[in-house]
Amino acid sequence: MKLISFLLLGCLFALPAAAQKNTVGKADPNKKTQVVEVSCGKCKFGLPGKSCALAVRINKDAFYVNGASIDDFGDAHAQDGFCNAIRKAEVQGEVVNDQFKVSYLKLLPEEKKRN
């Protein structure tokens, strides 16, 4: 009985840690919000680098993100992770020294694939 209680308690504490968030920062109503593509800069946008890192693509230009991590949004190497998928996101920030300094990033719901 103690073992079952211990396992149930462990699961309850593990759930929040495993939860995937979809927002970093808080939107500033006084700043412009734009919709961009977000993914792994190395795997999906062809940016130079030795490891996987979060990047945004604005128009046709891609920039690594400063202020949010690829792991903030779950496992990057999962089937739907950033190393395997390009997602849309609302962002606020600016390009500084060839990096996108993000103050707000919210993943948008994935579009359903049409047959």
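Residues numbered from 1 in each chain as written. Predicted model: local features only at pLDDT ≥ 70, side-chain atom pairs only at ≥ 80, totals over all residues. Heavy atoms only, no water.

Caption draft 1: Structural view of the nonpolar core. Ranked by size, the top nonpolar core spans 21 residues in total, and within it Val38, Leu54, Val56 and Leu105 carry the most contacts. Contributing elements (two or more residues each) for this core: β2 (34–40), β3 (54–58), β4 (61–66), β5 (87–96) and β6 (99–107). Ranked by residue count, the leading element in this core is β6, at four residues. Those residues in contact with leucine 54, other than ones at most four positions away along the chain, are Val38, Ser39, Tyr64, Val65, Ala68, Ser69, Ile70, Phe73, Phe82 and Leu105. (Core = buried A, V, L, I, M, F, W, Y, C linked by side-chain atoms within 4.5 Å. Buried < 20%, exposed > 50% of the residue type's maximum accessible area, 1.4 Å probe, protein only. Helix = DSSP H or I, 4+ residues; strand = E, 2+ residues; numbered from the N terminus. Contact = heavy atoms within 4.5 Å.)

Caption draft 2: Main features of the pattern of salt bridges. This structure, assessed with the given rule, holds two salt bridges. The partner of glutamate 37 in a salt bridge is arginine 57, and the shortest N-O contact between them spans 2.6 Å. Of the two residues, glutamate 37 is situated in strand β2 and arginine 57 in strand β3; the sequence distance between them amounts to 20 residues. Notably, a salt bridge pairs glutamate 110 with arginine 87, separated by 3.8 Å at the nearest N-O pair. One end of the pair, glutamate 110, is in the segment after β6; the other, arginine 87, is in strand β5, with 23 residues separating them in the sequence. By relative accessible area, glutamate 110 is classed as partly exposed at 48%. (Salt bridge = Lys/Arg side-chain N within 4 Å of Asp/Glu carboxyl O.)

Caption draft 3: Main features of the packing of aromatic side chains. Applying the stated criterion to the full structure yields one aromatic pair. Ring geometry for phenylalanine 73 and phenylalanine 82: centres 5.7 Å apart, planes at 75°, overall edge-to-face. Per residue, the accessibility class of phenylalanine 73 equals that of phenylalanine 82, and both read buried. (Phe/Tyr/Trp six-rings, centres within 6.5 Å; stacked < 30°, edge-to-face > 60°.)

Caption draft 4: Spatial organisation of the side chain of serine 39. Mapped onto the fold, serine 39 is located in strand β2. With near-sequence residues (within four places) excluded, serine 39 lies in contact with Lys44, Phe45, Ala53, Leu54, Ala55, Phe82, Ala85 and Ile86.

Caption draft 5: Just the pairing of β6, in detail. Bridge analysis of strand β1 (residues 23–25) against β6 gives three bridges, and the strand direction is antiparallel. When the bridges of β6 are listed, valine 24 appears paired with leucine 105. For β4 and β6, the ladder comprises three bridges, and the chain directions are parallel. In the sheet register, asparagine 66 faces β6, and the bridge partner there is lysine 101. For β5 and β6, the ladder comprises eight bridges, and the chain directions are antiparallel. Along β6, the bridge assignment pairs glutamate 94 with lysine 101. In textbook terms, the turn of a hairpin is the stretch between consecutive antiparallel strands, and for β5 and β6 this stretch comprises two residues, one of which, asparagine 97, has a positive phi near 50°. (Pairing = 2+ DSSP bridges.)

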